[in-house]
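The lines below spell out each chain.
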Amino acid sequence: MNNSFGFNSLHPAVCFLYYIGLFLISMLFIHPYFLLAALVSVILLNFFHNRGKEIRKGAKFYIFIGVVILLINPLFSHRGATILFYLFDQPITLESMMFGFLMMLSIVTIIITFLSFNFIITEDKFIYLFSSIAPKTALLIMMAFRFVPLLKRRLIEIANVQKTRGISIKSGTIKQRAKAGMSILFILMTWSMEEALQTADSMKARGYGLGKRSSFNVYRFYKQDVFFLIWFSLLMVIFIIQGISGYGKLEIYPQLEALPLSNRENNLFVLVLLFLFTPHFIEGREYCKWRLSK
């Protein structure tokens, strides 16, 4: 889809607030219903923005991380009243399994949320939001977001060039592969440090951070931006109050409570769904308008 279409066309502050709320839900409401709803919503949002390929590409990683988190807790924590079985004379309890499952949902949801976050909140938008408040911090955070994929791309380029010279980490003895790996890593670090110094000199010459920073992209608040900003803000206040009060959380220890929600939690769950799927409503509305206009 076009970058200025649907949810992505809203003011950066509105989009950023939504993702803060999504992170908040993933960490505040430790209950399978809430976490599954958050996971489904963020996966669908990525598909709306044609990020399905990225999810499929990282599916093995997400499954691996999820399984590790799911297994670590019951193996090292034996709390809980409901013993399922014994492993090496250590009890594996239903409560510890459920806690590991909830942590898996929470962390995987946050990881996948960053895929959508990095697509919607671009470097320009992030700098626009925070450069006037903390220009150095904003720049540092965006450079950190950019650093990992950049190093990965450079590492592949260097490895391909070195392979033509007979240097590869995939062939030879362990000593030869280790030596080849160190050689590639040295080139990567040298290249990155040299470019970092050039970037720093260029920024210094342009006077970065000396005065108030101007922005090429000027984002303005429109009526729908104000509406969704108020909408997200009110819901987030409700979520924080309800979360602090203990609602939306599954009581796990010492004994796992029943999964069904109370009446108050049902109302809270409806509000969470409305919050989570607001971008989907915006995308659907814009798509219908586009289809009708053809």
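Residues numbered from 1 in each chain as written. Predicted model: local features only at pLDDT ≥ 70, side-chain atom pairs only at ≥ 80, totals over all residues. Heavy atoms only, no water.

Chemist: I would appreciate a short explanation of the overall build of the protein in the present structure.
Modeler: Across its full length, the protein holds 11 helices and 2 strands. Each helix (α) and strand (β) of the protein, taken in turn from the N terminus, gives the series α-α-α-α-β-β-α-α-α-α-α-α-α. Across its three principal directions, the C-alpha atoms of the protein cover 65 × 60 × 45 Å. Here the protein, with 294 residues, has 36% of them falling under the buried criterion. Surface summary for the protein: the accessible area is close to 18200 Å², and the carbon and sulfur share equals 67%. Distance from the positive charge centre (30 side chains) to the negative charge centre (15 side chains) of the protein: 9 Å. (Helix = DSSP H or I, 4+ residues; strand = E, 2+ residues; numbered from the N terminus. Buried < 20%, exposed > 50% of the residue type's maximum accessible area, 1.4 Å probe, protein only. Areas by Shrake-Rupley, 256 points an atom, 1.4 Å probe, with all protein chains shown as cover. Lys, Arg positive; Asp, Glu negative; His and termini not counted. Charge placed at Lys NZ, Arg CZ, Asp CG, Glu CD.)

Chemist: Just to check I follow, could you spell out the state of the cysteines for this structure?
Modeler: A covalent bond bridging the sulfur atoms of two cysteines is what the word disulfide describes. Applying the stated rule across the entire model yields 0 disulfides. Free cysteine: Cys15, not disulfide-bonded; nearest cysteine sulfur from Cys288 at 20 Å. Given a relative accessible area of 0%, Cys15 falls into the buried group. (Disulfide = S-S within 2.5 Å.)

Chemist: Where do I start with the pattern of salt bridges in this structure?
Modeler: Side-chain pairs of opposite charge can arise where the charged atoms are in close proximity. All chains considered together, the criterion is met by 1 salt bridge. When the shortest N-O distance is used, the salt bridge between Glu286 and Arg285 registers 3.4 Å. (Salt bridge = Lys/Arg side-chain N within 4 Å of Asp/Glu carboxyl O.)

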